[in-house]
Amino acid sequence: MTTALRIATRGSRQAWAQATAVADSLALATGRVVELVEINTTGDIQSEVPLHSIGGQGVFVKEVQRAVLDGRADIAAHSAKDLTSGAADGLLLAAFAERRDARDALIGSTLDDLLEGATVASGSVRRRAQIRRIRPDLEFAELRGNIDTRLSKIPEGGAIVMAVAALQILEMTDRITEVLSIDEFVPAIGQGCVAIECRLGDSATIEALAAIDHASTRHDVEVERAFLAELGSGCSLPVGGHVVNGVLHTFLANLATGLSIGDQVALAGDAGDIETARNAARSAHDALN
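All of these numbers come straight from a predicted model, not from anything done at the bench.

## Some thoughts on helix α9 (residues 273–288)
Reasoning step 1: Between the first and last C-alpha of α9 there are 23 Å, a value that for 16 residues agrees with the 22 Å anticipated at 1.5 Å per step.
Reasoning step 2: Three or more residues of α9 are buried, namely Asp273, Ala277, Ala280, Ala281, Ala284 and Leu288. Around the axis of α9, the buried residues are gathered within 100 degrees of arc, so they sit on the same side.
Reasoning step 3: Packing partners of the buried residues in α9 comprise α8 (215–231), β12 (247–253) and β13 (260–266).

Below, the structure written as structure tokens:
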């Protein structure tokens, strides 16, 4: 009798829905029974604390990864944008689920309709820097918590910023007021994708996950992660990187100077794209320093 595959995931409604989708795909592709294991993370517990002050993306993934490493689960499912740029010791990024819509969206108002001095709530320094570049007259407020909490915190006369993919997985895209263009609002690295880890050397699980690994998504997210890794940063730095239609869109800002830079770099669609991403990161860094 084949044992069930256990997926460790955060308990938020979004994370649970993402992991459920992975479980359904995995069960369909392999015939295996798949179970979810709920893990509480520091990022979820400290939901009112600014993300950049408690360690950035890693606060959402370390406890989930630990559940796999200590044998409580076989697989860890994460929003790929929550992963740090380096590989976790003892774990393998064995699959990338097909990407959903990676764009950001405003809820509450369009950007053009916001009055001068209106408030936009977002916990992301990247989103703030990008919006400030277009609308320097706006005010900003912190925004943390689960999807329902954030949707309840739309400032009067203002807006909040959320990922379209998060609303898609929960079938709440009707709340979107405006989807922001990737040309001006470059998404976070890995945004819209669920990344799936397992233990190194766990050949049976690696084989099972290969059945749901989406090749083009893997290529694109690995290119984005190479851009981030070259910068040596997490989400405490205002950085965006997104591959779409064979083009790497990049964004980088310097909080100290207020300067920012964006670029669009053509890719060849092969292994050389990783070095192209690294070169783009070096060029962006040099331009701001």
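## Focus: the sheet that holds β12
Two modes of strand pairing occur in sheets, parallel and antiparallel, and in both the strands are linked by backbone hydrogen bonds.
Reasoning step 1: As summarised here, the arrangement of the three strands in space is β11-β12-β13, forming an open sheet in which the pairing is antiparallel. Strands at the two margins of the open sheet, each flanked by one partner only, are β11 (239–244) and β13. Direction aside, neighbouring strands of the sheet carry axes that sit 10 degrees apart on average.
Reasoning step 2: Bridge count for β12 against β13 is seven bridges, and the pairing is antiparallel. When the sheet's bridge partners are listed, Leu248 is paired in β13 with Val265.
Reasoning step 3: Strands in contact with helix α4 (residues 125–134) are β11, β12 and β13; relative to β12, the strand with the most contacts, it is inclined by about 90 degrees.
Reasoning step 4: Along the sheet face, α8 touches β11 and β12 and points at about 155 degrees away from the line of β11.

## Quick word on the layout of surface pockets
Reasoning step 1: Each pocket or cavity is described by its volume, and for the second largest pocket that value is around 220 Å³.
Reasoning step 2: Every element with two or more residues in the lining of the second largest pocket is listed here: β4 (91–96) and α8.
Reasoning step 3: Ranked by the residues each element gives to the lining of the second largest pocket, the list is headed by β4, at four residues.
Reasoning step 4: In terms of residue class, the lining of the second largest pocket is built from six nonpolar, two polar and four charged.

## Quick word on the pairing of β4
Reasoning step 1: Most of β4 sits out of view: five of its six residues are buried.
Reasoning step 2: Of the strand pairs in this sheet, β4 and strand β10 (residues 194–199) are connected by five bridges, and their pairing is antiparallel. Opposite Leu91, over in β10, you have Arg199 as the bridge partner.

## Considering the packing of α8 against α9
Reasoning step 1: It is at 8 Å that the axes of α8 and α9 come closest, and there the two elements cross at 35 degrees. Viewed along their axes, α8 and α9 form a crossing whose handedness is right-handed. Mapping the contact onto sequence places His219, Glu222, Val223, Ala226, Phe227, Glu230 and Leu231 in α8 and Asp273, Ile274, Ala277, Arg278, Ala280, Ala281, Arg282 and His285 in α9.
Reasoning step 2: Within the contact of α8 with α9, the residues separate by chemical class into eight nonpolar, two polar and five charged.

## Structural notes on the environment of Val221
Reasoning step 1: Positionally, Val221 belongs in helix α8.
Reasoning step 2: With a relative accessible area of 0%, Val221 lands in the buried category.
Reasoning step 3: When sequence neighbours within four positions are dropped, the list of residues in contact with Val221 reads Phe96, Arg99, Gly190 and Cys193.

## Observations regarding the pattern of salt bridges
Reasoning step 1: A complete count under the given rule lists 17 salt bridges for this structure.
Reasoning step 2: Its salt-bridge partner being Arg103, residue Asp101 comes within 2.7 Å of it at the nearest N-O pair.
Reasoning step 3: Between Asp202 and Arg199 there is a salt bridge, and its shortest N-O distance comes to 3.7 Å.
Reasoning step 4: By relative accessible area, Asp202 is classed as buried at 16%.
Reasoning step 5: What makes Arg199 partly exposed here is its relative accessible area of 22%.

So, how was this worked out
- Residues numbered from 1 in each chain as written.
- Predicted model: local features only at pLDDT ≥ 70, side-chain atom pairs only at ≥ 80, totals over all residues.
- Heavy atoms only, no water.
- Helix = DSSP H or I, 4+ residues; strand = E, 2+ residues; numbered from the N terminus.
- Expected span 1.5 Å × (residues − 1).
- Buried < 20%, exposed > 50% of the residue type's maximum accessible area, 1.4 Å probe, protein only.
- Arc of directions from axis to C-beta.
- Contact = heavy atoms within 4.5 Å.
- Pairing = 2+ DSSP bridges.
- Axes fitted to C-alpha atoms, helices over the stretch in contact; angles between N-to-C directions.
- 1 Å grid on protein atoms, 1.4 Å probe; cavity = no way out; pocket = protein on both sides within 12 Å on 5 of 7 lines; lining within 4 Å.
- Points joined across faces, edges and corners; volume = space filled by probe spheres on them.
- Nonpolar A, V, L, I, M, F, W, Y, C, P; charged D, E, K, R; others polar.
- Left-handed = near helix turned anticlockwise from the far one by under 90°.
- Salt bridge = Lys/Arg side-chain N within 4 Å of Asp/Glu carboxyl O.

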